[in-house]
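What the coordinates show
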Amino acid sequence: MDLFKEYVRVYPMLSPKFCTAIIQEYDAKCTQPALSATPLGDKELPHHRKCDVLGIKDNKEIEEIIRESVDLYKQTFPLCNVSKVIDTQFLRYGPGGKFEAHVDSYGEALRTLSVSIILNDNYNGGDFAFFDSTGTKQQHHITPVQGDIIVFPSNFLFPHAVKPVKFGTRYAIVNWMN
């Protein structure tokens, strides 16, 4: 069974106008370098993860969009019993920005479902890649399209990455649910 084809879903849900408005709302506030989880705690590791991050709280419109995409996912997977939003982040990947292969559920960050909202596609590189169970061999990729929402399990069976951005700036919102 190909887990990617079975469990990863892409939903074209958002208008370019909405996506652009979200970028305009959060871009200037997004100044914190993203951290990577390590055995010694979260650290800034630009060789592993290079982007800026801004936590988003109390944006009811974004929460509703996330819930709608998860509801679509649950139509296919009714036993996916998630309802609690764990964390929502606005991400900005400039030229050279990337996030090497990783999983979203680890240690203290136990997560069930990952949601990635693609806010733009006017850049080169920055593909969303999925890997084999070792996280070393890329098996699939998704070329991001503005307005798409990618939903997949957060566990160890779905190592994924954001490939390096070659030109332009890639914007996304990520969210995890339990």
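Note: the structure precedes this text.
Here goes a summary of the coordinates provided. Note that this is a predicted model, so its numbers are computed, not measured.

A few words now on the pattern of salt bridges. What the rule picks out here adds up to three salt bridges. Between Arg92 and Asp52 there is a salt bridge, with its nearest N and O atoms 3.0 Å apart. Taken together, the positions of Arg92 in strand 5 (residues 85-93) and Asp52 in strand 4 (residues 52-55) put the pair 40 residues apart, joining distant regions of the chain. One connected set of salt bridges, linked through shared partners, spans Asp27, Asp52 and Arg92.

Glancing now at the pairing of strand 5. Regular strands have side chains that alternate between both faces of the sheet. In this structure, strand 4 lies alongside strand 5, joined through four bridges in antiparallel fashion. Residue pairing across strands places Gly55 opposite Gln89, the latter belonging to strand 5. Relative to strand 14 (residues 170-177), strand 5 runs antiparallel, the two being bridged by eight bridges. Pairing of Tyr93 across the sheet is with Arg170, part of strand 14.

So, about the side chain of Ser116. Looking at the secondary structure, you find Ser116 in strand 7 (residues 113-118). What makes Ser116 buried here is its relative accessible area of 3%.

Quick look at the environment of Pro164 now. One can find Pro164 in the loop between strand 12 (160-162) and strand 13 (165-167). The spacing of Pro164 and Gly126 is 38 residues in sequence and 5.2 Å in space, taken between C-alpha atoms. Apart from residues lying up to four places away in sequence, Pro164 is in contact with Gly97, Lys98, Asn124, Gly125 and Gly126.

This part covers the layout of surface pockets. The computed volume of the largest pocket comes to approximately 480 Å³. Lining the largest pocket are 27 residues, with Arg49, Phe99, His102, Arg111 and Trp176 sitting closest to its centre. For the lining of the largest pocket, the element with the most residues is strand 5, which contributes four residues. Its residues assigned to classes, the lining of the largest pocket shows 14 nonpolar, seven polar and six charged.

Further remarks concern the side chain of His140. Relative to the assigned elements, His140 resides in strand 10 (residues 138-142). With a relative accessible area of 18%, His140 lands in the buried category. Engagement of the side chain of His140 in a polar contact is seen with the side chain of Asp2, the distance being 3.2 Å. With sequence-adjacent residues up to four places away left out, His140 is seen in contact with Asp2, Phe4, Lys5, Phe128, Ala129 and Phe130.

Attention now moves to the packing of aromatic side chains. One pair of aromatic rings is described through two measures. These are the centre distance and the angle between the planes. Counted according to the given criterion, the structure contains nine aromatic pairs. The interplanar angle of 70° and the centroid separation of 5.8 Å between the aromatic rings of Phe128 and Phe152 together place this pair among those described as edge-to-face. In this pair, Phe128 is assigned in strand 9 (residues 128-131) and Phe152 in strand 11 (residues 148-153), connecting sequence segments 24 residues apart. Neither residue differs from the other here; Phe128 and Phe152 are each classed as buried. Site record: aromatic cluster; members linked through ring pairs are Phe4, Phe128, Phe130 and Phe152. For Arg111, the ring lying beneath its charged end belongs to Trp176, and the centroid distance is 3.8 Å.

Right, let's get into unusual backbone geometry. For Asp58, which is not a glycine, the phi torsion comes out positive at approximately 60°. Along the chain, Asp58 turns up in the loop between strand 4 and helix 3 (60-76).

Strand pairs in the sheet, formed through backbone hydrogen bonds, run parallel or antiparallel to each other. Pairing within the open sheet is antiparallel, and its five strands lie in the order 3-6-12-9-10. Edge strands, defined here as strands with exactly one partner in the open sheet, are strand 3 (49-50) and strand 10. Pairing geometry for strand 9 and strand 10, over four bridges, is antiparallel. Bridging from a neighbouring strand, Phe130 pairs with His140 of strand 10.

Conventions used here
Residues numbered from 1 in each chain as written. Predicted model: local features only at pLDDT ≥ 70, side-chain atom pairs only at ≥ 80, totals over all residues. Heavy atoms only, no water. Salt bridge = Lys/Arg side-chain N within 4 Å of Asp/Glu carboxyl O. Helix = DSSP H or I, 4+ residues; strand = E, 2+ residues; numbered from the N terminus. Pairing = 2+ DSSP bridges. Buried < 20%, exposed > 50% of the residue type's maximum accessible area, 1.4 Å probe, protein only. Contact = heavy atoms within 4.5 Å. 1 Å grid on protein atoms, 1.4 Å probe; cavity = no way out; pocket = protein on both sides within 12 Å on 5 of 7 lines; lining within 4 Å. Points joined across faces, edges and corners; volume = space filled by probe spheres on them. Nonpolar A, V, L, I, M, F, W, Y, C, P; charged D, E, K, R; others polar. Polar contact = N/O pair within 3.5 Å; in protein donor to acceptor, adjacent residues only side chain to side chain. Phe/Tyr/Trp six-rings, centres within 6.5 Å; stacked < 30°, edge-to-face > 60°. Lys NZ or Arg CZ within 6 Å of the ring centre and 35° of its normal.

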